[in-house]
Amino acid sequence: MSNRFLSAETVIESLRDNGYNNTAYALAELIDNSLQATATRVEVGFIEEQLKARKNYTVSEISLWDNGVGMDIETLRVAMQFGGGTHRKDTGGMGKFGMGLPNSSISQCKRVDVWSWQAGGEPHHTYLDVDEMKSGALEEVPIPTEKAIPSKYEKAFFTKKPESGTLIIWSKLDRLSWKTGKSIYRHCEHLVGRMYRNFISDDNIKIDSITYRKSADDRLDVYDKETFKANDPMYLKKNTSLPELPGSYKKEAFFEKMDEEVISVEYIDENGEPKRDDVTVTTSMVKKNISNRILKDTVGKLGGTTWGKHCSKNVGVSIVRANRELVLRDSFLTSALRESKGRFIGIEVSFPPTLDAVFGVTNNKQDAIRLIPYEMKTIFTQAGFDSEQEYLRDLEENSDSLLQVLKVVAVIKKHVSALTKALDTINVEGKAVKGDEPKTVSEGAASKATQGSAHRETHGHKTKEETPKQLKKEDVVDHLKKAGGMSDEEAEEKAERLILTGNRFLIEDVARDSEAFFDVSTSKGLTLVLFNTNHVFYQKLVSKLGGDELEIMQTTIAGFARVMNETTDERRLAYLNTIRREWGLVISEFLQGPEDDELDDF
């Protein structure tokens, strides 16, 4: 019987539960390594295959290759050790912790294979396998040996293999957050674009996402390809993932820089020497002229526009280390600010890796756990002091680094307060007046459907449920949140507009994982029609229609919704819903072929 101090199985499982929030963060660790290796090109590949037991394609392997400097035999072996790596002494780089490659890999899969090559030489290969490690068959990183990259990978990935580079393959995937290449890219797109915005926008690196499908045991075919765009929460950069601004503002930045403050932070380095480094706090806010221009052609608030919705995904303080974002922390903003105007301000806190210990940067580079909005009264009371001044004096006497953190936090709070006041000078609310003509194509179609429904009512064509004389805001908000997946703010805005216009139909475009190209739901007088932007019919026809044609299309589908509303027989209603879904499925097969009509497994 073994009397080891540690159980290999327990240790490995603990290492697998190492705190990566999802697959996107795990992949980010590999991209960090590529940047550290001065790569200018990174390709993330999602290799899908069709399992016998099911129709859908799912990801069976994930690949990542770069054109960085590559690794020699010793570097490659050390890089595969937990706590290894060669960048621990690199105070300026984003590596340093030595946990990235092995930890991120086994958090998602049971096996990782790595090939690396330099200066046109032959690749060297090594691997880690969780099952072998748990059983004791693999007790140390295998010595890298010269081994060609399997031809199916080399043919698929490289038109010309870089002179130097690294290829990583994750297989035996058992912990993916999402199951298809499309899903993984969709959930990574916003996050990866934001993490690496500075590198992407400065053209220091190009990061591609490619989904491959196995057409044979030794062949991979490209199924889909996307390039990650920079996602700037400060909205000071141009050519990002933000939709193109209207009119003459197309080439402008959406926000303007408001302020920049540099804070000097003291710390003790690894040799016990006192040092000092700078933290930079930068702020930005939406441009008044662009906000006004958008609202001229908009019904409702700026937050309900395509630009406002993009901003809603970037609310908070962006904490940036070594030019790469660690976390977007919204707790520095009040709940009221987060839910409304907070999307139209940007705050970035940037610092070098030398301050990792001060701010509590985690070894998976997902957070700076000490950089949070402390409430001074709470912390000095909990620490047993009678006043804030007494507490701060104690921190200073003990050279406690929390004093430096509190200094930075105070500056962040000051700028949040200043931005909140500045927002009062910007109109983001818009306006809606009863009796206005429809201001969007969808509103025009909804108006026609409402009028048509009223006409049918007066001619005896009643709905299953009695139509209320007036919509109630709380009922509409509840319906839009439950059936439409809208936020509180968006549902409130839509409900107010519906009550003002008197429309009983709302027609929206949403991304849905559904075979149907439209969905219908009716509750307490409101009929919600949702066009599925993921459906091939929408992408190939509906999205390309001009205003008049689009209104006709939307009104036609609203007519189908009215037929469903008038159906009192439950079996017939179920039949209509079946027809709606099967019609969408057949359309997909006709337009793009059965093999491409795979549902998203997320």
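Look up a bit, the structure's there.
Residues numbered from 1 in each chain as written. Predicted model: local features only at pLDDT ≥ 70, side-chain atom pairs only at ≥ 80, totals over all residues. Heavy atoms only, no water.

(A) Structural detail: the packing of aromatic side chains. Enumeration according to the criterion identifies 17 aromatic pairs in this entry. Each ring, one from Y196 and one from F199, has its centre 6.5 Å from the other, and the planes form 55°; the classification is tilted. Ring geometry for Y235 against F254: centres 6.1 Å apart, planes inclined by 90°, an arrangement best described as edge-to-face. Remark: F254 occurs in the loop between β8 (219–227) and β9 (255–268) and Y235 occurs in the loop between β8 and β9; sequence separation between them is 19 residues. Considered together, Y235 and F254 belong to a single accessibility category, that of buried residues. A network of ring pairs unites the aromatic residues W65, W115, W117, Y153, F157, F158 and Y212 as a single cluster. Of note, K161 hangs over the ring of W117, and the distance from its end group to the ring centre comes to 5.1 Å. The positively charged end of R580 is found above the aromatic ring belonging to F518, 5.9 Å away from the centroid. (Phe/Tyr/Trp six-rings, centres within 6.5 Å; stacked < 30°, edge-to-face > 60°. Helix = DSSP H or I, 4+ residues; strand = E, 2+ residues; numbered from the N terminus. Buried < 20%, exposed > 50% of the residue type's maximum accessible area, 1.4 Å probe, protein only. Lys NZ or Arg CZ within 6 Å of the ring centre and 35° of its normal.)

(B) Structural detail: the sheet that holds strand β2 (residues 57–66). Across the sheet, eight strands lie side by side as β5-β4-β3-β6-β2-β1-β7-β8; this open sheet has mixed pairing. The open sheet is flanked by β5 (145–146) and β8, the only strands paired with a single partner. Looking at chain direction, strand β4 (residues 124–129) and β5 are connected through two bridges and run antiparallel. Bridge pairing in β5 places H125 opposite T145. Here helix α2 (residues 23–36) sits on the sheet in contact with β1 (41–50), β2, β6 (165–173) and β7 (206–216), set at roughly 20° to β2. (Pairing = 2+ DSSP bridges. Contact = heavy atoms within 4.5 Å. Axes fitted to C-alpha atoms, helices over the stretch in contact; angles between N-to-C directions.)

(C) Structural context of the packing of α2 against helix α7 (residues 181–195). Between α2 and α7, the shortest axis-to-axis distance is 9 Å and the interhelical angle comes to 50°. The orientation of α2 with respect to α7, classified from their angle, is oblique. Between α2 and α7 lies a crossing of right-handed hand. When α2 is examined against α7, the residues T23, A24, Y25, L27, A28 and I31 are found in contact with a partner set consisting of I184, C188, L191, V192 and M195. By residue class, the composition of the contact of α2 with α7 is ten nonpolar, one polar and no charged. (Parallel < 35°, antiparallel > 145°, perpendicular 65-115°, else oblique. Left-handed = near helix turned anticlockwise from the far one by under 90°. Nonpolar A, V, L, I, M, F, W, Y, C, P; charged D, E, K, R; others polar.)

(D) Inspection of the pairing of strand β16 (residues 526–532) at higher detail. Within β16, seven of the seven residues are buried, leaving the element largely enclosed by the surrounding structure. Side chains L526, L528, L530 and N532 project from β16 onto one buried face, and the interleaved T527, V529 and F531 project onto a second face that is buried too. Examined bridge by bridge, strand β14 (residues 505–510) and β16 share six bridges and lie parallel to one another. Counterpart to D509 in the pairing with β16 is F531. Where strand β15 (residues 518–523) and β16 come together, six bridges link them in antiparallel fashion. Following the sheet pairing, T522 is matched in β16 by T527. The turn linking β15 back onto β16 is made up of two residues, and K524 within it adopts a positive phi angle of 50°.

(E) Layout of the pattern of salt bridges. In total, this model carries 49 salt bridges according to the counting rule given. Between E13 and K134 there is a salt bridge, and its shortest N-O distance comes to 2.9 Å. Of the two residues, E13 sits in helix α1 (residues 8–16) while K134 sits in helix α5 (residues 130–135), which places them 121 residues apart along the sequence. Since its relative accessible area comes to 23%, E13 is described here as partly exposed. For R219, the salt bridge is made with D221, and the minimal N-O distance between the two is 2.8 Å. Because the salt bridges share partners, they merge into one network encompassing K110, R111, D113, D129, D131 and K172. (Salt bridge = Lys/Arg side-chain N within 4 Å of Asp/Glu carboxyl O.)

(F) Seen up close, the side chain of E443. Its place among the elements puts E443 in helix α16 (residues 441–458). A distance of 2.9 Å separates the side chain of E443 from the side chain of R497, its partner in a polar contact. (Polar contact = N/O pair within 3.5 Å; in protein donor to acceptor, adjacent residues only side chain to side chain.)

(G) Layout of the sheet that holds strand β13 (residues 345–351). Here we have five strands laid out as an open sheet, ordered β9-β10-β13-β11-β12, and mixed in their pairing. Looking at which strands have only one partner, the edges of the open sheet turn out to be β9 and β12 (324–329). Between one strand and the next, the sheet's axes are offset by a mean angle of 20°, whatever the strand orientation. Relative to strand β10 (residues 274–286), β9 runs antiparallel, the two being bridged by 13 bridges. Among the inter-strand pairings, E260 is bridged to a residue of β10, identified as T282. Sitting on the sheet, helix α15 (residues 402–423) touches β9, β10, β11 (317–321) and β13, and the angle it makes with β9 is about 170°.

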